[in-house]
Amino acid sequence: MTLQRLSDLYRPFRLLGGILLLTTLLSSCGNNGCEETRESVLLVQLKPTRGLSLYSLSAWGITAEGDSIPMLSNVSSPTEAEFTLQPDTTFTQIQLHCIVNDTGEYETFDNTLNIRYRHYPYFLDMECGCAIFYDVDSVWVSGALFQQVKLKNAHITNEENVNIILEY
């Protein structure tokens, strides 16, 4: 066989090899190998202390302009709630609309959770980049349902830890 015929014989294999190489390279471009979550959430534990049971919870973030942003929508029998803090401010108010079962009678309560905090970027690693972490300076609640607020963990990171305990 001549050299030209050998080249023609291997042409489909070279084309197939080129397609496989290109497919492998392009499919790996979208995955940067980050196995870690970048989200940092405020985890609030809702703890009964007076024999009441929380039937449902809805929450809205109150903006500086007085508007509200939905954060939770009618969660049934909640024991915990996760909220995202805004990195462009140092104070967040969350309106909590609670329906409580008090031995067969349902009552509605509106409370406001107030959180003052600092935020800072935190470098995770080369694959994941940066996340925003928070340090809670103070927390308080207004309204009639929640009797006590405890700051359990002031550091909000990408690890899931209870930060605030609301006792009702």
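Residues numbered from 1 in each chain as written. Predicted model: local features only at pLDDT ≥ 70, side-chain atom pairs only at ≥ 80, totals over all residues. Heavy atoms only, no water.

K.L.:
Is there a simple way to think about the packing of aromatic side chains in this case?
P.N.:
Pairs of aromatic rings are described using the distance from one ring centre to the other and the angle between the two planes. Per the stated rule, a full pass over the model turns up six aromatic pairs. For the ring pair tyrosine 55 and tyrosine 106, a centre distance of 5.0 Å and an interplane angle of 70° mean the geometry is edge-to-face. On the criterion of sequence distance, the pair formed by tyrosine 55 in strand S2 (residues 53-62) and tyrosine 106 in strand S6 (residues 105-125) is long-range, its members being 51 residues apart. Relative to phenylalanine 133, the ring of tyrosine 120 has its centre 6.3 Å away and its plane inclined at 75°; by these criteria the two rings are edge-to-face. You can see tyrosine 120 sitting in strand S6 and its partner phenylalanine 133 sitting in strand S7 (residues 129-142), a full 13 residues away along the chain. Put simply, the rings of Tyr120, Tyr122 and Phe133 touch in pairs and so form one group of aromatic residues. (Phe/Tyr/Trp six-rings, centres within 6.5 Å; stacked < 30°, edge-to-face > 60°. Helix = DSSP H or I, 4+ residues; strand = E, 2+ residues; numbered from the N terminus.)

K.L.:
Sorry if this is basic, but what is going on with the pattern of salt bridges here?
P.N.:
A pair can form between side chains of opposite charge whenever their charged atoms are brought close. With the rule as written, the count across this model stands at two salt bridges. The closest approach of N and O atoms between aspartate 137 and arginine 118, which form a salt bridge, is 2.9 Å. Of this pair, aspartate 137 sits in strand S7 while arginine 118 sits in strand S6, and the two are 19 residues apart along the sequence. Owing to a relative accessible area of 41%, aspartate 137 belongs among the partly exposed residues under this scheme. Relative accessible area serves as the criterion here: at 45%, arginine 118 is assigned to the partly exposed category. The shortest N-O distance in the salt bridge between lysine 150 and glutamate 167 comes to 3.0 Å. One end of the pair, lysine 150, is in strand S8 (residues 148-151); the other, glutamate 167, is in strand S10 (residues 164-167), with 17 residues separating them in the sequence. (Salt bridge = Lys/Arg side-chain N within 4 Å of Asp/Glu carboxyl O. Buried < 20%, exposed > 50% of the residue type's maximum accessible area, 1.4 Å probe, protein only.)

K.L.:
Just to check I follow, could you spell out a negative patch on the surface for this structure?
P.N.:
A contiguous patch of negative charge, built from Glu39, Glu80, Glu82 and Glu160, is present on the exposed surface. Positionally, glutamate 82 belongs in strand S4 (residues 80-83). (Patch = residues over 30% accessible without salt bridge, like charges linked within 9 Å, V, L, I, M, F, W, Y side chains within 5 Å. Areas by Shrake-Rupley, 256 points an atom, 1.4 Å probe, with all protein chains shown as cover. Lys, Arg positive; Asp, Glu negative; His and termini not counted. Charge placed at Lys NZ, Arg CZ, Asp CG, Glu CD.)

K.L.:
How should the sheet that holds strand S5 (residues 91-102) be read in this particular structure?
P.N.:
As a general point, the strands of a sheet are linked pairwise by backbone hydrogen bonds and lie either parallel or antiparallel. The six strands are arranged S3-S2-S5-S6-S7-S9 in an open sheet whose pairing can be described as antiparallel. The outermost strands of the open sheet, each flanked by one partner alone, are strand S3 (68-76) and strand S9 (155-156). Inspection of the sheet shows S7 paired to S9 by two bridges, in the antiparallel sense. Residue pairing in the sheet places tyrosine 134 in a bridge with isoleucine 156 of S9. (Pairing = 2+ DSSP bridges.)

K.L.:
What exactly am I supposed to notice about the environment of isoleucine 69 here?
P.N.:
If you trace the backbone, isoleucine 69 turns up in strand S3. Along the primary structure isoleucine 69 and alanine 59 are separated by 10 residues, whereas in three dimensions their C-alpha atoms are 8.6 Å apart. Residues within four places of isoleucine 69 in sequence aside, it is in contact with Ala59, Trp60, Gly61 and Thr63. (Contact = heavy atoms within 4.5 Å.)

K.L.:
How should the pairing of S7 be read in this particular structure?
P.N.:
Looking along a regular strand, one sees the side chains alternate between the two faces of the sheet. Relative to S7, S6 is paired through 13 bridges, and the arrangement is antiparallel. Counted as the bridge partner of proline 121 is isoleucine 132 from S7. Between the antiparallel neighbours S6 and S7 lie three residues.

K.L.:
Honestly, the confidence of the model for the protein chain in this entry has me stumped. Any pointers?
P.N.:
Fine structural detail should not be taken from predicted coordinates in areas where pLDDT scores are low. Averaged over every residue, the pLDDT of the protein chain is 85; the share at 70 or more is 81%. Mean pLDDT per element in the protein chain: helix H1 (residues 3-27) is the minimum at 50, and S9 is the maximum at 98. Taken as a whole, residues 21-30 scores under 50 in pLDDT and shows zero contacts with residues more than four places along the chain or in a different chain. (pLDDT = per-residue confidence, 0-100.)

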